[in-house]
Amino acid sequence: MSKVDENTPAGSQPASALNQKPALLESNASLSSSLIWRKQREFYVQRGLKAWTEDLVPNFITNNPFIAEIYAGVVFSFLCDCFESGRSSLAENKSRLASPQNPLRILELGAGPGKFSFLFLKHLTALMRAKCIALDTVRYCMTDCSENLIQSWRTNRYLAGFVESGMLEFEFFQVGDEIKSRFVSGDPEASASTNGPMVLIANYVFDSLPQDAFVIQEGQIFEAMVTTMSPGGSAGDSGTEALSQLQFSYKNTSVPPNRYQDQSWNDILERYRSRLSAATVLFPSATLNSLQQLSGYTDGRMLVLAADKGFVHEEDLLFAQGPPVIEFHGEHCFSQTVNFDAIGKYFRAIGGEALLPAKHSSNLNICAFVQGAPGDQFPATKAAYQDAQAGFGPDDLFTLLAWLNAHMEEMSVPQILAVLRLGHWDPVALVRLFPVLARQLRTVFRERVDLRDAVMSTWANHYPVHASENVIAFYSGVILLELRFYEEALGMFKVSQQIFGASAATSYNLGLCALGLGRPSEALTYMVEACGLDPTFEPARLSRLKLEQEGSPA
C-alpha cells in the first residue's frame, strides 16, 4: 500500500533526498490519468523478460498447469458452443471442420514470460485432438507492449512447435491504445460479422490498467483526485526514480452526473452510491474501454477470461476504506485490486453474462464474461466454468502451499505425491519438494511407479522462466535413477548436460544409468569423463577403478 508517507522514518530515504524539498509531479489528477501508469508501462517496455527473471514480478499463481488446464477446458467448451450455434462462422455442425481462414481467435493480453501460453496450448490441443477437431480451427496470439519480450518469444524453443503448426503468433499490443493489431482487426475491408468470435485472456493484466477512484460517504459520491510528489526534489518527468518512493495524497471532489460518456458506467456508479454506506471504489475505466473496443472486432460473441486479485461481490467493496491502495512489487511496478463486480455489471447491462466465483478469495479470482447475439446461451461454457469453480482451485492450492512451507520437511512420499497431483504436475512444486523427496527415495517400494509417472508428467509441463528452473532435469534424473528407471533417468541427465554443460556429477550419474542398463563399457566412458572433470570426485574414481578391473583379462 502506498499513500502519503508522512510516518516514513527519514533514514529510509536516500541521504541525497533528506535535504531536498519534495517536488510536485501532478496535482488533483484523476487516478486513471496519473503519470504512474505511463511510468509503469515504460518499465515493462524497457525491462522485457527481465521484469520476471531479474525483477521478480509475481507470476506463479497464474502461470501453472492447474490454471492453464481450467482455462483450456472453458475455452474448448466455448469453441464447442460456437460449433453448436446455428449461425456459427466456424462450422455448420460438429462434423465439419472449420476453415483456417476464419478460426476462433484467442488473444492473450500481457502474455509476459509465455509460460501460461505454452501450458494452455498444450492442454487445448490435447482436447481438440481427442475430439478430432483440426488445430487450425484456432489461432492464438500472444501480445505485450515490449518488443524485447516479443523477440524472446520468437526464439523460445518451447513455443516453436505451436508457431510451426500455424496455431501461434505474436504481436505488439498496448492495451488502451488505438487498436492496430492485424490479428484483432483482420481485413479492414471486411464487416465485423466476418471476424467471428473471440476469446480474450487477461491474467494479472486488469490490475495494472488505469482505474478511477471514488469515495462513497453517507449517500454521496466523490472522486478521489491524486497529487503525486517526488521526495527526491526533482520534478523532471523522465528520471529513473523508483515509483515506490513517490508520495501520494488524495482530495475528494464532486462527481458530475455524467462522469463517463457511456451511460452504463454512470449507472454502475449510481448503484454504488445508493447501495454502499461507505467505501472507496476503484472503477476499471481503462479495462472497460478496452473490452468495448475489442468487442467491435467480433461477430458479437466474445468470451473474456481474467484472473486477478479483486472484488467479485458488491458487498465486498465495503472492505475497501481510506485512500486507494497501490501495492508495489519491487521499485518500478505496482498493481491495484480489480473491481470484477463493476465489469460484471457492465456485461449484464449490454446483454451479456458474468460468470463469477461464489467464494470470497483475497488471493485470486478467476472470472469469465461472455456476450453473444440474442438466443446464444453458451451452455457448455457455463458448465465448464461452474465445474471448475465448484472444486479445488488454484487459489486453494496457493493457500495450501503457503501453509505447507512450514511443514515441508515433515512430508512423506504419499503426501508429496498428493501435492503434485493437486497442482496438476507443476515443475515448480517438484523443485521445491525435491530435497525432502530425495532423502526418502531409497526406501520407496509401493509408490515407485507412481513417482516415475509423476516425474514424467511434471517434466512434460516444464517451461523455464528463469534458467535456474532447468535444474528440474537433473532432479528428475536423480529420482528416476534411485527408483531404477535407468532409461528414463539417462535421458534426463543428457538433457541436463545439454543445458548446463558437462559436470562430474552428471557424468557419474550417466555412468550409473549405463551400468543399470547392463552397458559396462559405456559406463566406464562416463566414469572416465567424470574423473577428468573432477579428479577429486571419489565415487567416480572408485567406480572407474572397479569397472577397469572387471574389464581386465584374468
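Residues numbered from 1 in each chain as written. Predicted model: local features only at pLDDT ≥ 70, side-chain atom pairs only at ≥ 80, totals over all residues. Heavy atoms only, no water.

Draft legend 1. Structural view of the overall build of the chain. Summing up its helical and strand segments, the chain has 21 helices and 16 strands in all. Every one of the 554 residues in the chain was classed for burial, and the buried ones make up 51%. Partitioning the contacts of the chain with sequence separation of at least 6, the portion at a separation of at least 24 is 76%. For the chain, the computed accessible surface area is about 24,600 Å², with 53% contributed by carbon and sulfur atoms. (Helix = DSSP H or I, 4+ residues; strand = E, 2+ residues; numbered from the N terminus. Buried < 20%, exposed > 50% of the residue type's maximum accessible area, 1.4 Å probe, protein only. Contact = heavy atoms within 4.5 Å. Areas by Shrake-Rupley, 256 points an atom, 1.4 Å probe, with all protein chains shown as cover.)

Draft legend 2. Expanded view of the side chain of Q40. Among the structural elements, Q40 can be located in helix α2 (residues 35-47). On the basis of relative accessibility, which here comes to 2%, the residue Q40 falls in the buried class. Not counting chain neighbours up to four residues away, the residues in contact with Q40 comprise S208, L243, H332, C333 and F334.

Draft legend 3. The arrangement of the packing of helix α14 (residues 413-422) against helix α16 (residues 448-459) in detail. As a packed pair, α14 and α16 sit with axes 11 Å apart at the nearest point and diverge in direction by 30°. When the interaxial angle is binned, α14 and α16 end up roughly parallel. Relative to α16, α14 is oriented so that their crossing is left-handed. Contact with α14, carried on its side by V413, L417 and L420, involves D450, L451 and A454 of α16 and no other residues of that element. For the contact of α14 with α16, the class distribution of residues is five nonpolar, no polar and one charged. (Axes fitted to C-alpha atoms, helices over the stretch in contact; angles between N-to-C directions. Parallel < 35°, antiparallel > 145°, perpendicular 65-115°, else oblique. Left-handed = near helix turned anticlockwise from the far one by under 90°. Nonpolar A, V, L, I, M, F, W, Y, C, P; charged D, E, K, R; others polar.)

Draft legend 4. Structural context of the packing of aromatic side chains. Evaluated as defined, the whole model comprises 23 aromatic pairs. Note on F116 and F120: the rings are 5.8 Å apart at their centroids and 25° apart in plane angle, and the pair reads as stacked. Of this pair, F116 and F120 both sit in helix α5 (residues 115-130), separated by four residues, roughly a single helical turn. Like F116, the residue F120 is buried in the burial classification. Ring geometry for Y346 and F347: centres 5.7 Å apart, planes at 85°, overall edge-to-face. Residue Y346 is classed as buried on the basis of its relative accessible area, which comes to 5%. A cation over an aromatic ring shows up here: R157 above the ring of Y158, its NZ or CZ 4.5 Å from the ring centre. Here R452 stacks its cationic end above the ring of F485, 4.7 Å away from the centre of that ring. (Phe/Tyr/Trp six-rings, centres within 6.5 Å; stacked < 30°, edge-to-face > 60°. Lys NZ or Arg CZ within 6 Å of the ring centre and 35° of its normal.)

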